[in-house]
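Secondary and tertiary structure notes
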Amino acid sequence: MSVPVFLSDAAGSAEDHIVLSGPEGHHAATVRRLRPGERVDITDGAGRVAECVVAETGKDVLTARVLRRFHAEPPRPRLIVVQALAKGDRGELAVEMMTEAGVDVIVPWAASRCVVQWKGDRAAKALARWRSTAREAAKQSRRFHLPEVTEQASTAQVAELISGAELAVVLHEEAERPLSGITPPRGPSAGDIVVVVGPEGGITEEELARLSEAGAVPALLGPTVLRTSTAGVAAAAVLFARCGRW
């Protein structure tokens, strides 16, 4: 059984004990029912990790004794996925799977053909759900670096992001070049990889032209057309295997 991971800024402190309270304490003491002597890892989500053993528990609170601390280096190259907004819970499903796979940055994209529109209070609530999903998926998958879920981006902002990447790819069902045939950057000094996932209705010709002009390469993910909620994690798997992160 893998050691459970919890989040606390205290992971980077010099204290020999860490107290988990609030939602993390409730999850550890009440939901997981951890008991003294059991192992836990506590991270601040930015690479600082405290390996601990449970010292005592109470109602919605857990005290852990620190065994050792270390810093986990962030993986390279970074993979940034620009994810078009999806209807229902498909956006959160995409975020969950990409987080588990190891995607470093997720950018919600208001593409032209998105059925869902994030505006006003709805935008704030939807973004909060994506970030909460990423947080919980990161803990479940034992990530010590939480993925960043950015503010909603326009096509112009996505183009700017692409222009600064070492490799940028737009998934497109009519592309001639397969994603598996593209060689991504490798190694600790490699620049960012950006992958753009369109909405269920597809990327418009105008969007494709704009992103291509910024430096993105259209690529075919496979012989079938995947849903927007699964295309990102499938592309991540291909690229992680090719760049050496897997």
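Taking an unreviewed UniProt entry as the reference, the protein chain is identified by name as Ribosomal RNA small subunit methyltransferase E belonging to Thermobispora bispora. The annotation that UniProt attaches to the protein chain under Sequence similarities (unreviewed entry) is "Belongs to the RNA methyltransferase RsmE family." One UniProt comment on the protein chain, placed under Subcellular location (unreviewed entry), says "Cytoplasm".

Digging into the overall build of the protein chain
Of regular secondary structure, the protein chain possesses six helices and 11 strands. Here the C-alpha radius of gyration of the protein chain, 20 Å, is about what a compact globule of 246 residues would show, namely 18 Å. Its C-alpha atoms put the protein chain at 60 × 40 × 30 Å along the principal axes. Within the protein chain, buried positions represent 48% of all 246 residues. Restricting the contact set of the protein chain to residue pairs at least 6 apart, pairs at least 24 apart contribute 74%. If you sum the accessible surface of the protein chain, you get close to 11,800 Å²; carbon and sulfur atoms cover 49% of it. Charge centroids of the protein chain, computed over 29 positive and 31 negative side chains, lie 4 Å from each other.

Points about the environment of Gly 25
Tracing the chain through its elements places Gly 25 in helix α1 (residues 22-31). Taking the relative accessible area as the measure of exposure, Gly 25 reaches 0% and is therefore buried. Contacts of Gly 25, omitting those with residues within four sequence positions, involve Leu 20, Thr 30, Asp 60 and Val 61.

Describing the sheet that holds strand β5 (residues 61-71)
Read from one edge of the open sheet, five strands run β1-β3-β4-β5-β2, paired in mixed fashion. The sheet is open, and its two borders are formed by β1 (5-7) and β2 (17-20), each paired with just one other strand. Within the sheet, the average angular offset between the axes of one strand and its neighbour, ignoring direction, is 40 degrees. In this sheet, strand β4 (residues 48-58) lies alongside strand β3 (residues 39-43) in antiparallel orientation, the contact comprising five bridges. Its bridge partner lying in β4, Ile 42 is registered against Ala 50.

Quick notes on the UniProt feature "domain: Ribosomal RNA small subunit methyltransferase E PUA-like" (unreviewed entry) in the protein chain
If you check UniProt for "domain: Ribosomal RNA small subunit methyltransferase E PUA-like" (unreviewed entry), the listed places come out as residues 20-66 in our numbering. With 21% helix and 49% strand, residues 20-66 has end C-alpha atoms that lie 13 Å from one another.

Description of the pattern of salt bridges
Counting across every chain of the model gives 12 salt bridges. Asp 44 serves as the salt-bridge partner of Arg 48, at 2.6 Å between the closest nitrogen and oxygen. Residues Lys 139 and Glu 136 are paired through a salt bridge, measuring 3.6 Å at the closest nitrogen-oxygen approach. Of this pair, Lys 139 and Glu 136 both sit in helix α3 (residues 120-140), separated by three residues, roughly a single helical turn. For Lys 139, a relative accessible area of 6% corresponds to the buried category. We classify Glu 136 as partly exposed; its relative accessible area is 37%.

Regarding the side chain of Thr 204
In this structure, Thr 204 sits in the loop between β10 (193-197) and α5 (205-213). Residues within four places of Thr 204 in sequence aside, it is in contact with Ser 112 and Arg 113.

Concerning the packing of helix α2 (residues 90-101) against helix α6 (residues 228-243)
Where α2 contacts α6, the axes come no closer than 7 Å and their chain directions differ by 15 degrees. Compared by their axis directions, α2 and α6 come out roughly parallel. Here α2 runs over α6; the crossing is right-handed. When α2 is examined against α6, the residues Arg 90, Leu 93, Ala 94, Met 97, Met 98 and Ala 101 are found in contact with a partner set consisting of Thr 228, Ser 229, Thr 230, Gly 232, Val 233 and Phe 240. Counted by class, the contact of α2 with α6 contains seven nonpolar, four polar and one charged residues.

Basis of the calculations
- Residues numbered from 1 in each chain as written.
- Predicted model: local features only at pLDDT ≥ 70, side-chain atom pairs only at ≥ 80, totals over all residues.
- Heavy atoms only, no water.
- UniProt positions renumbered as here; feature names shortened; annotations may be inferred.
- Helix = DSSP H or I, 4+ residues; strand = E, 2+ residues; numbered from the N terminus.
- Rg over C-alpha atoms; globule rule 2.2 N^0.38 Å.
- Buried < 20%, exposed > 50% of the residue type's maximum accessible area, 1.4 Å probe, protein only.
- Contact = heavy atoms within 4.5 Å.
- Areas by Shrake-Rupley, 256 points an atom, 1.4 Å probe, with all protein chains shown as cover.
- Lys, Arg positive; Asp, Glu negative; His and termini not counted.
- Charge placed at Lys NZ, Arg CZ, Asp CG, Glu CD.
- Pairing = 2+ DSSP bridges.
- Axes fitted to C-alpha atoms, helices over the stretch in contact; angles between N-to-C directions.
- Salt bridge = Lys/Arg side-chain N within 4 Å of Asp/Glu carboxyl O.
- Parallel < 35°, antiparallel > 145°, perpendicular 65-115°, else oblique.
- Left-handed = near helix turned anticlockwise from the far one by under 90°.
- Nonpolar A, V, L, I, M, F, W, Y, C, P; charged D, E, K, R; others polar.

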